[in-house]
Amino acid sequence: MAKLKVGVIGVGGIARSHFPGWAASEHAEIVAGSDINPKVLDAFADKTGATKLVTDPKELFQDPDIDIIDVCTPNNYHAPLSIAALNAGKHVICEKPLAPNPSQIKKMIAARDNSGKMLMTAQHFRFQGKSKAMKAELDTGVLGDIYHARSWMLRRSGAPVRPGFILKEHSGGGPCIDIGVHILDLTLWFMGNPRPVAVTGVARTEIAHQKGAWTRMDGGARIPRKFDVEDMAAAFVRFENGATLVLEVSWLLHHNTMGEDMQMWLYGTKGGSHW
Ligand SMILES: NC(=O)c1ccc[n+]([C@@H]2O[C@H](COP(=O)([O-])OP(=O)(O)OC[C@H]3O[C@@H](n4cnc5c(N)ncnc54)[C@H](O)[C@@H]3O)[C@@H](O)[C@H]2O)c1
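This one's a predicted model, so the numbers in the text were calculated from it and none came from an experiment. (Residues numbered from 1 in each chain as written. Predicted model: local features only at pLDDT ≥ 70, side-chain atom pairs only at ≥ 80, totals over all residues. Heavy atoms only, no water.)

Points about the packing of aromatic side chains
Point 1. This model, assessed by the stated rule, comprises 4 aromatic pairs.
Point 2. Consider the rings of Phe-125 and Trp-275, whose centres lie 6.2 Å apart with planes at 75°: the pair is edge-to-face. Taken together, the residues Phe-125 in the loop between strand 6 (119-121) and helix 6 (129-138) and Trp-275 in the segment after strand 14 (272-274) connect sequence positions 150 residues apart.
Point 3. Classification of Trp-275 by relative accessible area gives buried; the value is 9%.
Point 4. Pairing Phe-227 with Trp-251 gives two aromatic rings, centres 6.1 Å apart and planes at 80°, and the pair type is edge-to-face. With Phe-227 in the loop between strand 10 (221-222) and strand 11 (232-239) and Trp-251 in the loop between strand 12 (244-250) and strand 13 (260-268), this pair connects stretches of sequence that are 24 residues apart. Here Phe-227 and Trp-251 have matching classes, each one buried.
Point 5. A cation sits over an aromatic face here: Lys-130 above Trp-275, 4.2 Å from the ring centre. (Phe/Tyr/Trp six-rings, centres within 6.5 Å; stacked < 30°, edge-to-face > 60°. Helix = DSSP H or I, 4+ residues; strand = E, 2+ residues; numbered from the N terminus. Buried < 20%, exposed > 50% of the residue type's maximum accessible area, 1.4 Å probe, protein only. Lys NZ or Arg CZ within 6 Å of the ring centre and 35° of its normal.)

Remarks on the site of the ligand
Point 1. Around the ligand, the structure places 23 residues, and the nearest of them are Ile-14, Asp-35, Asn-75, Lys-96 and Arg-162.
Point 2. At 3.1 Å from an oxygen atom of the ligand is found a main-chain nitrogen or oxygen belonging to Gly-12.
Point 3. Expressed as a share of its isolated accessible area of 850 Å², the protein-covered part of the ligand is 83%.
Point 4. In this structure, the shell around the ligand is formed jointly by two domains, domain 1 (4-122) and domain 2 (128-274), each of which donates at least three residues. (Near = heavy atom within 4 Å. Polar contact = N/O pair within 3.5 Å; in protein donor to acceptor, adjacent residues only side chain to side chain. Areas by Shrake-Rupley, 256 points an atom, 1.4 Å probe, with all protein chains shown as cover. Domains from an automatic or database assignment.)

Here we look at the side chain of Asp-35
Point 1. Tracing the backbone shows Asp-35 in the loop between strand 2 (28-34) and helix 2 (39-48).
Point 2. Despite its burial, Asp-35 pairs with no opposite charge, the nearest such side chain being Arg-16 at 9.2 Å.
Point 3. At a separation of 2.8 Å, a polar atom in the side chain of Asp-35 contacts the main-chain amide nitrogen of Val-11.
Point 4. For Asp-35, the residues in contact, after removing those within four places along its chain, are Gly-10, Val-11, Gly-12, Val-40, Leu-41, Val-54 and Thr-55. (Lys, Arg positive; Asp, Glu negative; His and termini not counted. Salt bridge = Lys/Arg side-chain N within 4 Å of Asp/Glu carboxyl O. Contact = heavy atoms within 4.5 Å.)

Topic: the side chain of His-148
Point 1. Positionally, His-148 belongs in strand 7 (residues 146-155).
Point 2. Side chain to side chain, His-148 and Thr-244 meet in a polar contact 2.8 Å long.
Point 3. Here His-148 is in contact with Thr-244, Leu-245, Val-246, Trp-265, Leu-266 and Tyr-267, once residues within four sequence places are set aside.

Description of the state of the cysteines
Point 1. Counting across every chain of the model gives 0 disulfides.
Point 2. Left unpaired, Cys-72 is separated from the closest cysteine sulfur, that of Cys-94, by 8.2 Å.
Point 3. With a relative accessible area of 9%, Cys-72 lands in the buried category.
Point 4. Judged by its relative accessible area of 0%, Cys-94 falls in the buried class. (Disulfide = S-S within 2.5 Å.)

Description of helix 10 (residues 180-191)
Point 1. Taking 1.5 Å per residue, 12 residues should reach 16 Å; helix 10 reaches 16 Å between its end C-alpha atoms and fits that length.
Point 2. Within helix 10, 10 of the 12 residues are buried, which leaves it mostly tucked inside the rest of the structure.
Point 3. Buried residues along helix 10 sit against helix 6, strand 7, helix 9 (175-178), strand 11, strand 12 and strand 13.
Point 4. Just downstream of helix 10 lies Gly-192, where phi reads positive at about 90°. (Expected span 1.5 Å × (residues − 1).)

Overview of the packing of helix 6 against helix 10
Point 1. The contact between helix 6 and helix 10 brings their axes to 9 Å, and the two run at 30°. The angle between the axes of helix 6 and helix 10 places the two elements in the roughly parallel class. Residue-level contacts link Ser-131, Met-134, Lys-135 and Leu-138 of helix 6 to Leu-186, Trp-189 and Phe-190 of helix 10.
Point 2. Within the contact of helix 6 with helix 10, the residues separate by chemical class into 5 nonpolar, 1 polar and 1 charged. (Axes fitted to C-alpha atoms, helices over the stretch in contact; angles between N-to-C directions. Parallel < 35°, antiparallel > 145°, perpendicular 65-115°, else oblique. Nonpolar A, V, L, I, M, F, W, Y, C, P; charged D, E, K, R; others polar.)

Okay, here's the thing in structure tokens:
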């Protein structure tokens with residue numbers, strides 16, 4: 001069977017970690033790429049063998065040979081690009097978060113439903129062996145009713161400083177929708193996707209704007225003054241089934257970790273678990 005043809009949009013960053021996955025697939029292959037920065041297209045072609053390299057993504061949408069669009073741009077461009085791709089009859093895999101807010105995500109889902117094509121978000125933690133094994137165990141009901149969860153993904157001095165992350169016009173938000181979506185997605189999946197009925201939260205920027213604030217990421221850098229997203233967020237969620245969740249996320253926090261502290265504790269009527 002012929003392989004499905006993939007066009008990648010935004011080829012200079014995380015897209016590079018998608019290339020080995022596509023290359024390993026028996027069912028699909030990268031044939032094209034698009035980026036607003038033409039300088040990254042040559043390296044993309046070298047790595048993937050793609051021959052169609054364009055700065056305007058419309059050329060990928062209009063190409064009848066392309067079956068799948070892999071969206072790897074900063075967050076604020078996910079919805080318009082994915083919707084245009086779905087409307088053009090392509091399947092879409094889109095980096096997380098699907099979009100920075102629910103109204104854009106609803107429009108993406110409507111475009112998916114109208115097109116009859118597939119839309120998937122790249123929440124890769126679900127596919128780790130330990131996540132799949134834990135989900136299978138939880139689905140046996142071993143914890144009884146899960147009535148409380150505590151989840152966090154906390155970094156100390158771990159803010160990316162690329163414009164696509166720290167400027168709201170490109171990112172739509174900070175760590176809450178950057179790394180927070182990873183641990184939130186896993187937690188909701190493990191809890192059986194209960195429907196949230198109330199959320200109380202805070203988003204703060206206490207450290208990023210301090211004189212001398214710096215990050216270990218992106219080769220080590222001062223936090224740019226134009227940083228305009230939160231650097232920490234916390235929330236308390238109540239679900240329809242009575243369960244509750246405490247969620248904490250940060251890029252910059254005086255937390256006792258050198259790397260990233262990502263944990264989830266689930267508490268049920270018969271037992272508890274730690275991821
Ligand atoms: N799954 C994960 O763990 C993970 C990790 C890192 C990033 N991401 C997600 O991937 C996305 C991109 O992050 P990144 O680290 O690659 O960012 P990046 O800034 O390093 O790279 C983004 C690329 O997209 C290009 N680009 C920017 N705007 C564009 C547009 N409108 N059209 C076409 N190309 C455009 C840039 O030139 C660059 O090549 C973000 O949504 C981020 O949340 C996910």
